[in-house]
Each structure stands twice: as structure tokens, then as C-alpha cells.
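So the chains spell out like this:
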Amino acid sequence: MAKTNSGRFFEDYAVGQVLTHAVPRTVSGGERALYHMLYPARHALYSSDEFARGCGLPASPLDDLAAFHVVFGKTVPDVSLNAVANLGYGEGRFLKPVYPGDTLRSVSEVIGLKQNSNGKSGVVYVRTTGLNQRDEAVLEYVRWVMVRKRDLEAPAAETVIPELAKTVAASDLLIPEGLDFTGYDFDLAGEPHRWGDYEVGEVIDHVDGVTIEESEHMQATRLWQNTAKVHFDATFRPDGQRLIYGGHVISMARTLSFNGLANAQMIVGLNAGAHANPCFSGDTVKAWTEVLDKAETAAPGVGAVRLRLVATKDGSVGELKGDDGKYLPGVLLDLDYWALMPV
């Protein structure tokens, strides 16, 4: 029996299959420091214990997307080791803050399969749950990924495409226990703009750009223990290029959005997401956001805002798709999420 793991291929999946992922990981302040170094993240709630305590939390949590990366990375050897590309996300909810000292692990269930018409690959849909050391779910999301077939002659699995909600309802968002923005310090947060200052339909150009480097991408994928071959092995793609991890683009765009959305503090819902075009070393990522919706919450001083975050490599603002309905070649990311903001 072979002792090495070549990863699952499309024909190895079945709807209803439950995948318990190795290896649990205890997070610390080291993850926070490295996350802030890589992107660099500046939202005050994730930078300062004292600021977080002023907002009713016991301490500053790990950035929501850093927790997402840890949970995501656990799934790669079982879900996307032989992936061609990660395609999209949906029905994501951040359920509990993750604090230094927490231990995270991941479990996924296969909820859909569809072989591609070329017979060489197929799309696998999984629902992943991240849990802490108390077996409490800290986040959950659905993603779908294109995976190669090992045997091109293997019969196609029965097509099952899950029905996913287009958005997470505002009423289903979970507000962290104790969160209170009534004493929010806008000076320390970096901008004066509050929930009431944003209008549905408003488009915000985040102005700044970051050129992606091979070294930082390799650090990020190793940090999150993402072992997908397309990110590490230059021989795995016909063009000889290593694909930049899509989560790296998400975090970079989110960090760029600080300029204009410094008070969109906590991510609590992930409605939809698509990696529209591949990102490679040398691409310069810029970002813009459209305000899609707003909702009140029961937490004191806390409002929810639904945002469409778009990352581009050509600096365009406000344009997503062409007349054919396909994403324009300069669009890298289209991410629809809910964030919490002081009213």
C-alpha cells in the first residue's frame, strides 16, 4: 500500500461524503503579525486589544479572513490538491470570533458534483465548517472547485448541483456577544464615516494598489498550509506559472478597502464570491466597492452593511462584465459580503 497521498481526483468524490481534515492548528499572535505584514491589514478592531475592549469584546480577535485562511487551508489536501482552480463561494457565515490560543480544525461535506463536458475534470461542491477546541462552529461556507480526473474513462458521477441562497439574510447574521459600538472611537479607527454616511448604490474607489510578488505569495500559502499544486509547482500548469492563491487576493483587496471603509470592522457574512480571472506574480491589485444593502442589528450602535468588493489588475472602477455577460479580463475578484459598522 502506498504511504504517500496523491490527493483525491474528481471520480473519488460522492455526494454525502464527509471529510475530516488534518491537522488542527492552534493560532497565536504570530498569525496576526504575519497577516498584518503580508497585506498589511489596518482595521482597528483586529489591531488593538484596547480598542476591541472598548467595543465590548474581551480582546482583539484574529482577523476574520485569517481565521478563514486557516480553516480553508486544512481542506486543501482533501478537496483541492488536484484542483485546476477554485471557482466560487456562497452561504458563508462567521459565527464566533477566533482569539489567540484557539485551536481550529475543519470538516467538509460533499454536497454537489458535476463533470465538465470535456470529460477531463469536474466541479466539486463542499460545505466546510471550522470548529474550535470546544467543538463550537466558528465559521461555515460553501465553495466549489474544479478538480482533475485521474481516469478519463471513469464514468461521470450523477450531476447534483446544490441550490444555494443568493445572499445570507441580514436576520441570519450572528453578532459577536458583547459587541457594542456606542463608544466607538472614530479617531483611533482612522476615518469618520459611519453606517449612516453610506448610500446603497454608492461606489468607492479605494485608490491604492499593490503589485503581487512571488515571495509574498509563497509565504502566504505556506502560512495557511495551502498545499494545492497550482500554487507551488510551476510544472502543474501548461503556461508554467504558479497561480496566486485566491484567498491572497481576497485579503489584499479587503486591506485596500480600508481607504474608504476603515469602519467596516467585522466580516460576518459571505454571500457570494468568484475568482473571475487568474492572478499571477507581477499583477497589480487595485480594488473598488459598491454598497449593495444596509440593515440594522440588535447590537447597540452596530449596523450591517452589504458590500461588493471587486479586485482588478487594470485599475478599472465600476465595470465588471462585458456585453456577453462574462467577467472582463481585468477583473480578478467579485466578492459579496456583510460587515459590521458603527451607526
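Definitions and limits used
- Residues numbered from 1 in each chain as written.
- Predicted model: local features only at pLDDT ≥ 70, side-chain atom pairs only at ≥ 80, totals over all residues.
- Heavy atoms only, no water.
- Phe/Tyr/Trp six-rings, centres within 6.5 Å; stacked < 30°, edge-to-face > 60°.
- Lys NZ or Arg CZ within 6 Å of the ring centre and 35° of its normal.
- Helix = DSSP H or I, 4+ residues; strand = E, 2+ residues; numbered from the N terminus.
- Salt bridge = Lys/Arg side-chain N within 4 Å of Asp/Glu carboxyl O.
- Buried < 20%, exposed > 50% of the residue type's maximum accessible area, 1.4 Å probe, protein only.

Colleague: How do you make sense of the packing of aromatic side chains when you look at a structure like this?
Modeller: Counted by the stated rule, this structure contains 10 aromatic pairs. An aromatic cluster is built from F68, F72, Y89, Y141 and Y245, whose rings are joined through pairwise contacts. Of note, R148 hangs over the ring of F236, and the distance from its end group to the ring centre comes to 4.3 Å. Cation over ring: K321 sits above Y327, and NZ or CZ is 4.8 Å from the ring centre.

Colleague: When you look at unusual backbone geometry in this model, what are you seeing that I'm missing?
Modeller: With the exception of glycine, most residues fall at negative phi, and the peptide bonds are largely trans. V23 follows A22 through a cis peptide bond whose omega is -5°. Along the polypeptide, V23 turns up in the loop between strand 1 (18-20) and strand 2 (25-26). Y39 connects to P40 through a cis peptide bond whose omega is -25°. Relative to the assigned elements, P40 resides in the loop between helix 1 (29-38) and helix 2 (49-54). Unlike most non-glycine residues, E91 shows phi in positive territory, near 50°. Structurally, E91 can be placed in strand 3 (residues 83-94).

Colleague: Looking at this structure, I do not really get the pattern of salt bridges. What am I missing?
Modeller: Any two side chains of opposite charge can pair, on the condition that their charged atoms come close. Under the defined criterion, the tally for this structure stands at 12 salt bridges. Put simply, D239 and R237 hold a salt bridge, and the shortest N to O gap is 2.8 Å. Owing to a relative accessible area of 39%, D239 belongs among the partly exposed residues under this scheme.

Colleague: Would you mind going over helix 7 (residues 246-256) with me for this structure?
Modeller: Every α-helical turn comprises 3.6 residues, leaving residues that sit three or four positions apart pointing alike. Of all 11 residues in helix 7, 11 are buried, a share of seventy percent or more. When helix 7 is considered as a whole, its buried residues turn out to be G246, G247, H248, V249, I250, S251, M252, A253, R254, T255 and L256.

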